[in-house]
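One-letter residues, chain by chain:
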Amino acid sequence: MERLPELVQHHKDYFYSGQTKSFEFRKKQLKTLRNAIKEYEPEVIQALKDDLHKSEWEAYTTEIGFLLEEIKFTLKHLIEWMNPEKVKSPVTHLGSKSLIHQEPYGVSLIIAPWNYPFQLQLAPLIGAIAAGNCAVLKPSELTPAVSAVIGKMIREIYPHKYISVVEGGVETSTELLKQAFDHIFFTGSVPVGKIVMEAAAKQLIPVTLELGGKSPAIVDKDANLKLAAKRILWGKFTNAGQTCIAPDYLYVHSDVKKVLLLHMQEALQEFYGEDPLTSEVYAHLVSDRHFDRLKGFLSNGDVLIGGQHKADDRVITPTIMENISWDDPVMQEEIFGPILPVLEFTDLNKVIEEVRNQPKPLALYFFSESEQKQDKITSSLSFGGGCMNDTLMHIVSPYLPFGGVGSSGTGSYHGKASFEAFSHQKSIVKQTTKFDFSFRYPSAKNGLKMIKRIMG
Ligand code: NAD
């Protein structure tokens, strides 16, 4: 295996050959990726089953189908995104044209986490290819079956000098972060996000950071409680809670807590049957370490629903807990598993205050029939994105940029935002040579008088 500095240099040489930049090239590579994803579908589904016990339904909807839709959307719009944008020129630029070119960064490093290991590695790659970049992919070491499929598929469809895969754990990632990439796209935890940003800062490499955090779901007393129950639990227990934008905890108005919880009990029965421990549609936890960490939270308060677990299979049933405070360990870090702590409120302003005291969440979900309250939440709290009366759905739309803010991330992607995440906006003034205004030069007589008339 070649050394990393040489690998990056090979990519740079290929990038500077200019071949990755034409529309025809990008279109062809996206179609190749689409065909490969279809061809590898059975292998990907099996690998997701091996690593995370994901059902075929979850594997298709949240990983494979998601990517195919993203490619379809990109192919449809790519030419219009690539065209340099003509913008107005101010009076100071009379006779010139002003253009914004979308320039590929060059060679991007794309580091992925384990929770949607196929999708979160390849969705950014779609943006990288669409924008005309080369890329090095670093899949997660915690999902070895999926990482192996990604490696095999990418090696089969793309020249090594164009897109390459480097498998490995923390040491590999650390070495990669020392290389002279032109852009780093990182998806993962907040603590590792800080490491990535620090490493990038040493070389002033632009970064996109897709991080995590504690995303609240808030249910007010005027909400449609039955739907709120179903939609919150669907968002929470998809992939057994191992979703960056899963509702981390629930704030419910005291007047409706009892009814909401009854609806939640019914919904869980409907989703996963009598015994989620053996359910074929319920995902398992990624490692023994993650299982032990989550099991530890079960003693933080009172378990209302669920709480069963089986270490051999790394599974904890969908669990709802109460009598939890912000001092409990379960509220001190991102849960990232199938445990939903329930907090109560009577005054929405207090909830707003509490959420403001926390790092800015990646997502926020508010359930209420009142447009006024919905607007209040949107305008008074800062968070990456979210939904009113739903969960997760904002991530699925190619028309909505997806990303965090502050500690939940920097930059965004999906749809056009993916293309932009891997592009530098290069501004160009095309100046006329037909005439030249002498007042701009320091030697001009009355130059300043003229300038003051135009500027200010
Ligand atoms: P992680 O930060 O532990 O690992 C992510 C990647 O970073 C892996 O490829 C890993 O090998 C690498 N890595 C780990 N430690 C490193 C280090 N010290 N130096 C350099 N690289 C290192 O995250 P994870 O456990 O794989 O994923 C879970 C986290 O990711 C959660 O916090 C979740 O919210 C977040 N996440 C965010 C999004 C999003 O789109 N915003 C999506 C999925 C997951």
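Residues numbered from 1 in each chain as written. Predicted model: local features only at pLDDT ≥ 70, side-chain atom pairs only at ≥ 80, totals over all residues. Heavy atoms only, no water.

Undergrad: Describe the site of the ligand, with residues and values.
TA: Within the structure, the ligand sits among 26 residues, and Ala112, Glu141, Ser189, Leu211 and Glu334 are positioned closest to it. Residue Gly188 places a main-chain N or O atom 3.2 Å away from an oxygen atom belonging to the ligand. Within the backbone of Leu211, a nitrogen or oxygen atom sits 2.6 Å from a nitrogen atom of the ligand. Relative to its unbound accessible surface of 840 Å², the ligand loses 90% to contact with the protein. Only helix 7 (170-176), strand 6 (183-187) and helix 8 (190-203) provide two or more residues apiece to the shell around the ligand. Looking at which domains feed residues into the shell around the ligand, each of domain 1 (4-211 + 409-428) and domain 2 (216-403) supplies at least three. (Near = heavy atom within 4 Å. Polar contact = N/O pair within 3.5 Å; in protein donor to acceptor, adjacent residues only side chain to side chain. Areas by Shrake-Rupley, 256 points an atom, 1.4 Å probe, with all protein chains shown as cover. Helix = DSSP H or I, 4+ residues; strand = E, 2+ residues; numbered from the N terminus. Domains from an automatic or database assignment.)

Undergrad: So what's going on with the domain arrangement of the chain? Which residues, and what values?
TA: For the chain, the assigned domains are domain 1 (4-211 + 409-428) and domain 2 (216-403). Computed over C-alpha atoms only, the centres of domain 1 and domain 2 are separated by 30 Å. On the domain 2 side, the residues contacting the 26 residues of domain 1 number 26 residues. Taking both sides of the interface into account, the surface hidden between domain 1 and domain 2 amounts to around 2000 Å²; carbon and sulfur atoms contribute 57%. Three residues stand out in domain 1 for area buried against domain 2, namely His53, Trp114 and His414, and they jointly supply 26% of the buried area on that side. Along the contact surface separating domain 1 from domain 2 lie one salt bridge. Close ionic contact of Lys49 with Glu280 constitutes a salt bridge, the shortest N to O distance being 2.9 Å. (Contact = heavy atoms within 4.5 Å. Buried area = accessible area lost by both parts, 1.4 Å probe. Salt bridge = Lys/Arg side-chain N within 4 Å of Asp/Glu carboxyl O.)

Undergrad: An account of empty space enclosed by the protein is requested, with residue identities and associated values reported.
TA: What the rule picks out here adds up to one cavity of 30 Å³ or more. Taken as a whole, the largest cavity encloses approximately 50 Å³ of empty space. Of the residues in the lining of the largest cavity, the class split is four nonpolar, three polar and three charged. (1 Å grid on protein atoms, 1.4 Å probe; cavity = no way out; pocket = protein on both sides within 12 Å on 5 of 7 lines; lining within 4 Å. Points joined across faces, edges and corners; volume = space filled by probe spheres on them. Nonpolar A, V, L, I, M, F, W, Y, C, P; charged D, E, K, R; others polar.)

Undergrad: Can you tell me about the side chain of Lys138, naming the residues and giving the values?
TA: As for its placement among the helices and strands, Lys138 is situated in strand 4 (residues 134-138). Exposure remark for Lys138: the relative accessible area of 3% places this residue in the buried category. In this structure, Lys138 is in contact with Ile110, Ile111, Ala112, Gln121, Val166, Gly168, Gly169, Ser173 and Leu176, ignoring residues within four places of it in sequence. (Buried < 20%, exposed > 50% of the residue type's maximum accessible area, 1.4 Å probe, protein only.)

Undergrad: Let's hear about the layout of surface pockets: which residues, and what values?
TA: For the largest pocket, the calculated volume is near 1200 Å³. Taken together, 44 residues line the largest pocket, and the ones lying closest to its centre are Gly188, Ser189, Val190, Pro191 and Val192. Only helix 7, strand 6, helix 8 and helix 11 (288-297) provide two or more residues apiece to the lining of the largest pocket. Residue contributions to the lining of the largest pocket peak at five residues, all from helix 8. The class makeup of the residues in the lining of the largest pocket is 20 nonpolar, 15 polar and nine charged.

Undergrad: An account of the nonpolar core is requested, with residue identities and associated values reported.
TA: Of all hydrophobic cores here, the largest spans 138 residues; its most connected members are Leu125 and Ile154. For this core, the leading source of residues is helix 4 (residues 56-82), giving 11 residues. Each of domain 1 (4-211 + 409-428) and domain 2 (216-403) gives at least three residues to this core. Residues contacting Leu125, with those up to four places away along its chain left out, are Leu33, Ile110, Ala135, Leu137, Ile154, Tyr158 and Ile163. (Core = buried A, V, L, I, M, F, W, Y, C linked by side-chain atoms within 4.5 Å.)

Undergrad: Let's hear about the pairing of strand 4: which residues, and what values?
TA: Burial runs high along strand 4: five of the five residues are buried. Of the two faces of strand 4, both are covered, the one formed by Cys134, Val136 and Lys138 as well as the one formed by Ala135 and Leu137. The pairing of strand 3 (residues 107-111) with strand 4 spans five bridges and is parallel. Its bridge partner being in strand 4, Val107 is matched across the sheet by Cys134. Chirality of the crossover, the property in question, places the unit of strand 3, helix 5 (residues 119-130) and strand 4 among those that are right-handed. As for the winding sense of the linkage, the β-α-β connection from strand 4 through helix 6 (residues 144-157) to strand 5 (residues 163-165) is right-handed. (Pairing = 2+ DSSP bridges. Right-handed = clockwise from strand over helix to strand, strands pointing away.)

Undergrad: Mind laying out the packing of aromatic side chains, listing which residues take part and the relevant values?
TA: Any aromatic ring pair is given by two values, namely how distant the centres are and how the planes are angled relative to each other. For the structure on display, the rule yields 18 aromatic pairs. Measuring from centroid to centroid gives 5.8 Å for Trp81 and Phe419, while their planes differ by 45°, and the two rings are tilted. Note that Trp81 is positioned in helix 4 and Phe419 in helix 14 (residues 416-421), a separation of 338 residues in sequence. Both residues of the pair, Trp81 and Phe419, belong to the buried class. Relative to Phe345, the ring of Tyr251 has its centre 6.3 Å away and its plane inclined at 80°; by these criteria the two rings are edge-to-face. Highlighted residues: Tyr251 in strand 9 (residues 249-253) and Phe345 in strand 14 (residues 339-345), separated in sequence by 94 residues. Within the aromatic cluster, the residues linked to one another by ring pairs are Tyr14, Phe25, Tyr158 and Tyr162. (Phe/Tyr/Trp six-rings, centres within 6.5 Å; stacked < 30°, edge-to-face > 60°.)

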